[in-house]
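Here are the chains, one letter per residue:
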Amino acid sequence: MLSKLPISNKYENEILMLPPVSVAIKKQRQGVGKFMLQEGIKLASERGYKGMIVEGDFRYYRRFGFRTSTEFGIYASKKNLPPSKENLMAMVLCKDGLKNISGEVDYSIYHSLTH
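It should be emphasised that the depicted structure is a prediction, and the values quoted were computed from it without experimental measurement.

*Asks:* Sorry, what's going on with the sheet that holds strand β3 (residues 51–55) here?
*Replies:* In a beta sheet, neighbouring strands are held together by backbone hydrogen bonds and run either parallel or antiparallel to one another. Reading across from one edge, β1-β2-β3-β6-β4 is the order of the five strands in this open sheet, with mixed pairing throughout. The open sheet has two edge strands, β1 (3–4) and β4 (67–68), and neither has a second partner. Two elements, β3 and strand β6 (residues 88–92), share five bridges in a ladder whose sense is antiparallel. Residue pairing in the sheet places V54 in a bridge with M89 of β6. Those strands touched by helix α1 (residues 32–46) are β2 (15–18), β3 and β6, and its axis lies near 145° from that of β3.

Here is the structure:
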């Protein structure tokens, strides 16, 4: 599932957030996660998005082209810091896609369901 994500309250129609990919234990190591990621990246690119953000295991996501978000001037909000800066990653989906996009990722705009 990809969601629009504003960076410093801007760019919400240009950037998508990818939640960490999760595959049932019995289905892991069969290419399911890889397929979902590649299809999501392809669809986002085809629809004209400039970049994608994910917070997760950098060892996994960098295989698909994600890089540490700070390389692009995109930082985690102090309200929701990841375990390390390497865990917040960004991917460019088109030529110079993130060149003029920078700022802060703040997940507090999302609200969870409560009882």
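*Asks:* What exactly am I supposed to notice about unusual backbone geometry here?
*Replies:* For residues that are not glycine, phi is negative in most cases, and the peptide bond is trans in most cases. In this model, N9 sits at a positive phi of 60°, which is unusual for a non-glycine residue. Residue placement: N9 occurs in the loop between β1 and β2. Its identity as a non-glycine residue notwithstanding, R29 has a phi of 65°, on the positive side. Among the residues examined, R29 registers a relative accessible area of 88% and is labelled exposed.

*Asks:* Would you explain the packing of aromatic side chains in this entry?
*Replies:* Each pair of aromatic rings is reported with the distance of its centres and the angle of its planes. Counted by the stated rule, this structure contains three aromatic pairs. Taking the centre distance of 5.0 Å and the plane angle of 85° together, the rings of Y60 and Y61 count as edge-to-face. Judged by its relative accessible area of 24%, Y60 is partly exposed. Seen from their ring centres, Y61 and F66 are 5.9 Å apart, and the 85° between their planes marks the pair as edge-to-face. Taken as a pair, Y61 and F66 share a single burial class, namely buried. Three or more aromatic residues link up through ring pairs in this structure, and these residues are Y60, Y61, F64 and F66.

The rules behind each value
- Counting of residues starts from 1 at the beginning of each chain's written sequence and follows it residue by residue.
- Under the rules for a predicted model, residues below a pLDDT of 70 receive no local features and side-chain atom pairs below 80 are neither given nor counted, while totals for whole chains, interfaces and linings still include all residues.
- Hydrogens are left out, water is left out, and the side-chain values use all remaining heavy atoms of the structure.
- The pairing criterion is simple: DSSP has to find at least two bridges between the two strands.
- Runs of E in the DSSP output that reach at least two residues are strands. Runs of H or I that reach at least four are helices, and both are numbered from the N terminus.
- We call two residues in contact when some of their heavy atoms are within 4.5 Å.
- Note on geometry: axes are lines fitted to C-alpha atoms, helical ones only across the stretch in contact, with angles between N-to-C directions running from 0 to 180 degrees.
- Burial status follows relative accessibility: with a 1.4 Å probe on protein chains alone, a residue under 20% of its type maximum counts as buried, one over 50% as exposed, and anything between as partly exposed.
- Put simply, two rings from Phe, Tyr or Trp (the six-membered ring, in Trp's case) pair if the centres are within 6.5 Å, and we call them stacked under 30 degrees between planes, edge-to-face over 60, tilted for the rest.

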